[in-house]
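Spelled out from the first residue to the last, the chains are:
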Amino acid sequence: MKKILFILTVAILFIGCKKEQGIVLSETNVTMHYDEEKQLSVSFLDEEMDYTFTSSNKNIAIVSPSGLIHGVSIGEAVITAKSTDGQYTAECKVTIKPYHPFLFAELCCNFGAYKNEVKDFEKRELLEEKDQSLLYEGDMPYVAMVGYSFEDYKLIASIILIDTYMKDILATYLIERYEYMGNNNNVIYFKTYDNKVILGLSVSSYNNEYKYSILYFEITSNKSNDINSIISKFQAL
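For clarity, every value in this text was computed on a predicted model and none was experimentally measured.

**Student:** I'd love a proper account of the overall build of the protein chain, names of residues and values included.
**Tutor:** Helix and strand counts for the protein chain stand at four helices and 17 strands. Considering the protein chain as a whole, with its 237 residues, one finds that 40% of them fall into the buried category. For the protein chain, the exposed area adds up to about 13800 Å²; of that, 50% sits on carbon and sulfur atoms.

**Student:** Hey, could you go over the pattern of salt bridges for me, with residue numbers and the actual values?
**Tutor:** Counted under the stated rule, the structure contains 10 salt bridges. The salt bridge involving Lys 211 is made with Glu 209; its shortest N-O contact spans 3.0 Å. A relative accessible area of 45% means that Glu 209 is categorised as partly exposed. It is possible to trace a salt-bridge network through shared partners that takes in Lys 115, Lys 119 and Glu 129.

**Student:** Tell me about the nonpolar core, and please be specific about residues and values.
**Tutor:** The biggest cluster of nonpolar side chains holds 29 residues, and the ones touching the most others in it are Phe 104, Tyr 148, Ile 160, Leu 174, Ile 214 and Tyr 216. Contributions of two or more residues to this core are made by strand S11 (133–137), strand S12 (143–151), strand S13 (154–163), helix H3 (167–175), strand S16 (197–206) and strand S17 (209–218). For this core, the element with the most residues is S12, which contributes four residues. The residues touching Tyr 216, leaving out its near neighbours within four places in the chain, are Phe 104, Leu 107, Cys 109, Phe 111, Ile 156, Ala 157, Ser 158, Ile 160, Tyr 178, Val 197, Ile 198 and Leu 199. Ranked by size, the runner-up nonpolar core spans 19 residues in total, among them Val 30, Met 32, Val 94 and Ile 96.

**Student:** Report on the sheet that holds strand S6 (residues 61–63), specifying residues and quantitative values.
**Tutor:** As summarised here, the arrangement of the three strands in space is S3-S7-S6, forming an open sheet in which the pairing is antiparallel. One side of each edge strand has no neighbouring strand; the edge strands of this open sheet are strand S3 (37–39) and S6. Strand-to-strand twist across the sheet, computed as the mean angle between neighbouring axes with direction ignored, equals 20°. As paired strands, S3 and strand S7 (residues 68–71) are joined by three bridges and run antiparallel to one another. Note that in S7 the partner of Lys 38 across the bridge is Ile 69.

**Student:** So what about the side chain of Glu 176? Which residues, and what values?
**Tutor:** Looking at where Glu 176 falls in the secondary structure, it is placed in the loop between H3 and strand S14 (179–184). Residue classification places Glu 176 among the buried positions, given a relative accessible area of 0%. There is a polar contact of 3.3 Å between the side chain of Glu 176 and the backbone nitrogen of His 100. Apart from the residues within four sequence positions on either side, Glu 176 is in contact with Tyr 34, Ser 73, Ile 74, Pro 98, Tyr 99 and His 100.

**Student:** Run through the environment of Lys 167, naming residues and quoting values.
**Tutor:** In this fold, Lys 167 is placed in helix H3. For Lys 167, a relative accessible area of 46% gives the class partly exposed. For the pair Lys 167 and Lys 211, spaced 44 residues apart in sequence, the C-alpha to C-alpha distance is 9.9 Å.

**Student:** Describe the confidence of the model for the protein chain, naming the residues involved and giving the relevant values.
**Tutor:** Confidence in the prediction for the protein chain averages 88 pLDDT; 84% of positions are at 70 or higher. For residues 10–17, every residue scores under 50 in pLDDT, and the model assigns this stretch zero contacts once sequence neighbours within four places are set aside.

**Student:** Kindly report on the packing of aromatic side chains, identifying the contributing residues and their values.
**Tutor:** Overall, the coordinates contain six aromatic pairs when judged by the stated rule. Ring geometry for Phe 104 against Tyr 173: centres 5.4 Å apart, planes inclined by 50°, an arrangement best described as tilted. Highlighted residues: Phe 104 in the loop between strand S9 (89–96) and helix H2 (115–121) and Tyr 173 in helix H3, separated in sequence by 69 residues. No difference in accessibility class separates Phe 104 from Tyr 173, as the two residues are buried. Note on Tyr 180 and Phe 190: the rings are 5.9 Å apart at their centroids and 65° apart in plane angle, and the pair reads as edge-to-face. Of this pair, Tyr 180 sits in strand S14 while Phe 190 sits in strand S15 (residues 187–191), and the two are 10 residues apart along the sequence. Residue classification places Phe 190 among the buried residues on the basis of a relative accessible area of 5%. In textbook terms, an aromatic cluster arises when at least three aromatic residues are bridged by ring pairs, as seen for Phe 44, Tyr 51 and Phe 53. One Lys or Arg, Lys 115, reaches over the ring of Phe 150 and ends 5.9 Å from the middle of that ring.

The rules behind each value
- Residues numbered from 1 in each chain as written.
- Predicted model: local features only at pLDDT ≥ 70, side-chain atom pairs only at ≥ 80, totals over all residues.
- Heavy atoms only, no water.
- Helix = DSSP H or I, 4+ residues; strand = E, 2+ residues; numbered from the N terminus.
- Buried < 20%, exposed > 50% of the residue type's maximum accessible area, 1.4 Å probe, protein only.
- Areas by Shrake-Rupley, 256 points an atom, 1.4 Å probe, with all protein chains shown as cover.
- Salt bridge = Lys/Arg side-chain N within 4 Å of Asp/Glu carboxyl O.
- Core = buried A, V, L, I, M, F, W, Y, C linked by side-chain atoms within 4.5 Å.
- Contact = heavy atoms within 4.5 Å.
- Pairing = 2+ DSSP bridges.
- Axes fitted to C-alpha atoms, helices over the stretch in contact; angles between N-to-C directions.
- Polar contact = N/O pair within 3.5 Å; in protein donor to acceptor, adjacent residues only side chain to side chain.
- pLDDT = per-residue confidence, 0-100.
- Phe/Tyr/Trp six-rings, centres within 6.5 Å; stacked < 30°, edge-to-face > 60°.
- Lys NZ or Arg CZ within 6 Å of the ring centre and 35° of its normal.

Following this line, the structure appears as structure tokens:
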């Protein structure tokens, strides 16, 4: 009996003296913009250990092997530091906030939707309706118009025209939300991170004034070659 008590006492003392292991990050919540960086540092509850960093969503934020977080686009991601043996982890929630939370009301990009569905979606004032197009009044002072183009009464493209004095704000608004793809024939291309929608940004004439036009179309539709023709359709309204 005494031997058993002795063994149990030694076991309890051993457990009590064992130091807690673990990884600790310098931050558990970080808020930043898409073009900013934040350095995470790592400490340990007891012994040092090897670890790696990962991001739960690289479209929102990425992290270097040293723990330097780079913003990518607005949204939320979790940065995790994990010991190489997989036993210990520490997390930091990263929120990429926008410089410009609102610029204009969302356009309908439900490509393939019928005209009535688009009309149900839109809250702006309808200015003109033709067989294969809809034209709406801008919802902000700098928005000249919003339009929709249809083929066989199904939505193929959405467009918004914005005053050129909004250049800097518009550029930031797009870059912090969409992935830049490059430019071709004076059109700057972006795409959504879910690879569903392409945006073409260009300059066009509307009511004898130059405007920035943003054309939205389905990424599989190959409408990039039709940007000028679609814009011309709205210019003729």
